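Geometric and topological summary
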Amino acid sequence: MSSGTPLGQVLGHGSAKSGTGHWWAQRLSAVALLPLGLWFIFALASRGDLSRAAWLAFIALPWHAVALALFLLALLYHSYLGVQVVVEDYVHDRPLKVATLIMSGFVHATAAAAGLFAILRIAFRAAT
Amino acid sequence: MNERPLSPFLVYRFMYTMVLSFAHRMTGVFMTVGALLLVYGLLALAGDAATFEQARVFFRHWAVQLLMLGLTVSFFFHLSNGVRHLFWDIGWGFEKHQARRSGWWVVISTLVLTVAALWMAVCGGRGV
């Protein structure tokens, strides 16, 4: 039994064979973000009024720096995948769709590089 | 061709579960702004005292505070509803009455987690 459209059955290309990877990456980053996100938001909520020195000391602790870096990367990866799905579903004009996806990729990659650089700078500056 | 399913907006009557479903995407896209705010905060912290002070003034602004409250609610909603999605992914809770009941649990969980974070933010700010 095939469940494809009549045209799809005649052409017989099968699936695009690339959907599962996206789906799985989205779920995997979601599971990673459960503990990381809860840690981040409660750490942020309970420390909103810290001084600059106290913030630097908090982030410079090795496990805090690692957890924050993992959170940032998982967050931006999950965000990129999610935005991609929404754009693909709701933007129907093809040039606009492709341009939006490219822009989204650049913005997410820049944010990841900048955020990671900031975390490492804070962590390594404190170590010396 | 005539027996193919109709689009949801043609056959469904309104249910609150539809709001939850769309809100999952809305909060997800909205939180991309939060990710960029996080990167801005990290960069300001990695800079000197002046950039930190600038960021402190920015994050203290009532409009940004309101934005962050919205981001907090979005975060806990997306997290709670995301767990619901993960359960669906492993095949649990697909029955209509189960999906409706878990929808209410998402709302309750969002409220409880948001109140907990706000409580921590208020008490943490006073050094408790």
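**Side note on the overall build of chain B**
Check the secondary structure of chain B and you find five helices and zero strands. The helix and strand sequence of chain B, counted from the amino end, reads α-α-α-α-α. For chain B, the residues scored as buried account for 23% of the 128 residues in total. Of the contacts formed within chain B by residues at least 6 apart in sequence, a portion of 70% connects residues at least 24 apart.

**What about the overall build of chain A?**
If you tally the helices and strands in chain A, you get five helices and zero strands. Computed over its C-alpha atoms, the radius of gyration of chain A comes to 20 Å, more than 25% above the 14 Å expected for a compact globule of 128 residues. Its C-alpha atoms give chain A principal-axis dimensions of about 65 × 30 × 25 Å. Sorting the 128 residues of chain A into buried and exposed places 20% on the buried side. When contacts within chain A are restricted to residue pairs at least 6 apart in sequence, long-range pairs at least 24 apart make up 74% of them.

**So, helix α4 (residues 62-90) of chain A**
The first and last C-alpha atoms of α4 of chain A sit 42 Å apart over 29 residues, in line with the 42 Å expected at 1.5 Å per residue. What α4 of chain A keeps buried is the set Leu68, Phe71, Leu72, Leu75, Leu76, His78, Ser79, Tyr80, Gly82 and Val83 of chain A.

**A look at the interface of chain A and chain B**
In this assembly, 28 residues from chain A lie in contact with 26 residues from chain B. Broken down by secondary-structure element, the contributors of at least two residues to the side of chain A that touches chain B are α2 (19-45), α3 (52-60), α4 and α5 (94-127) of chain A. Considered class by class, the residues forming the side of chain A that touches chain B number 17 nonpolar, six polar and five charged.

**A word on the environment of histidine 78 of chain B**
Here histidine 78 of chain B lies in helix α4 (residues 62-89). Residues histidine 78 of chain B and valine 106 of chain B, spaced 28 residues apart in sequence, show a C-alpha to C-alpha distance of 9.0 Å.

**Quick word on the confidence of the model for chain B**
Confidence along chain B averages 89 in pLDDT terms, with 88% of residues attaining 70 or more. Mean pLDDT across the secondary structure elements of chain B bottoms out at helix α1 (residues 8-11) of chain B, with 64, and peaks at α4 of chain B, with 96.

**Observations concerning the packing of α2 of chain A against α4 of chain A**
Residue and element names in this part refer to chain A. Contact pair α2 / α4: the axes reach a minimum separation of 8 Å and the direction vectors enclose 140°. Classified by the angle their axes make, α2 and α4 are oblique. The chirality of how α2 crosses α4 is left-handed. Of the residues in α4, those in contact with His22, Ala25, Gln26, Ser29, Ala30, Ala32, Leu33, Leu36, Gly37, Trp39 and Phe40 of α2 are Ala67, Leu70, Phe71, Ala74, Leu75, Tyr77, His78 and Leu81. For the contact of α2 with α4, the class distribution of residues is 14 nonpolar, five polar and no charged.

**Some details on α2 of chain A**
With 27 residues, α2 of chain A extends 37 Å between its outermost C-alpha atoms, agreeing within 8% with the 39 Å of an ideal straight helix rising 1.5 Å per residue. By the largest-angle criterion, leucine 33 of chain A marks the main kink of α2 of chain A, which is about 40°, and a proline, proline 35 of chain A, follows within four residues.

**Details of the confidence of the model for chain A**
Counting all residues, the mean pLDDT for chain A is 91, and 95% of those residues have values of 70 or more. For chain A, per-element mean pLDDT is lowest for helix α1 (residues 6-11) of chain A, which scores 82, and highest for α4 of chain A, which scores 97.

**Side note on the environment of valine 122 of chain B**
Residues and elements named next belong to chain B. Position of valine 122 among the secondary structure elements: in helix α5 (residues 96-125). Taking the C-beta count within 10 Å as the criterion, valine 122 has 12 such neighbours and is therefore assigned exposed. Separated by 31 residues in sequence, valine 122 and glycine 91 have C-alpha atoms that sit 40 Å apart.

**Details of the environment of leucine 68 of chain A**
Residue and element names in this part refer to chain A. Along the chain, the position of leucine 68 falls in helix α4. It is 9.2 Å that separates the C-alpha atoms of leucine 68 and tryptophan 39, two residues lying 29 residues apart in sequence. In this structure leucine 68 touches Ile59 and Ile119, once residues within four positions along its chain are discounted.

Reading the values: rules and limits
Residues numbered from 1 in each chain as written. Chains lettered and ligands numbered in written order. Predicted model: local features only at pLDDT ≥ 70, side-chain atom pairs only at ≥ 80, totals over all residues. Helix = DSSP H or I, 4+ residues; strand = E, 2+ residues; numbered from the N terminus. Buried ≥ 20, exposed ≤ 12 C-beta atoms within 10 Å, placed from the backbone. Contact = placed C-beta atoms within 7 Å. Rg over C-alpha atoms; globule rule 2.2 N^0.38 Å. Expected span 1.5 Å × (residues − 1). Nonpolar A, V, L, I, M, F, W, Y, C, P; charged D, E, K, R; others polar. pLDDT = per-residue confidence, 0-100. Axes fitted to C-alpha atoms, helices over the stretch in contact; angles between N-to-C directions. Parallel < 35°, antiparallel > 145°, perpendicular 65-115°, else oblique. Left-handed = near helix turned anticlockwise from the far one by under 90°. Bend = angle between axes of the 7 residues up to and from the residue.

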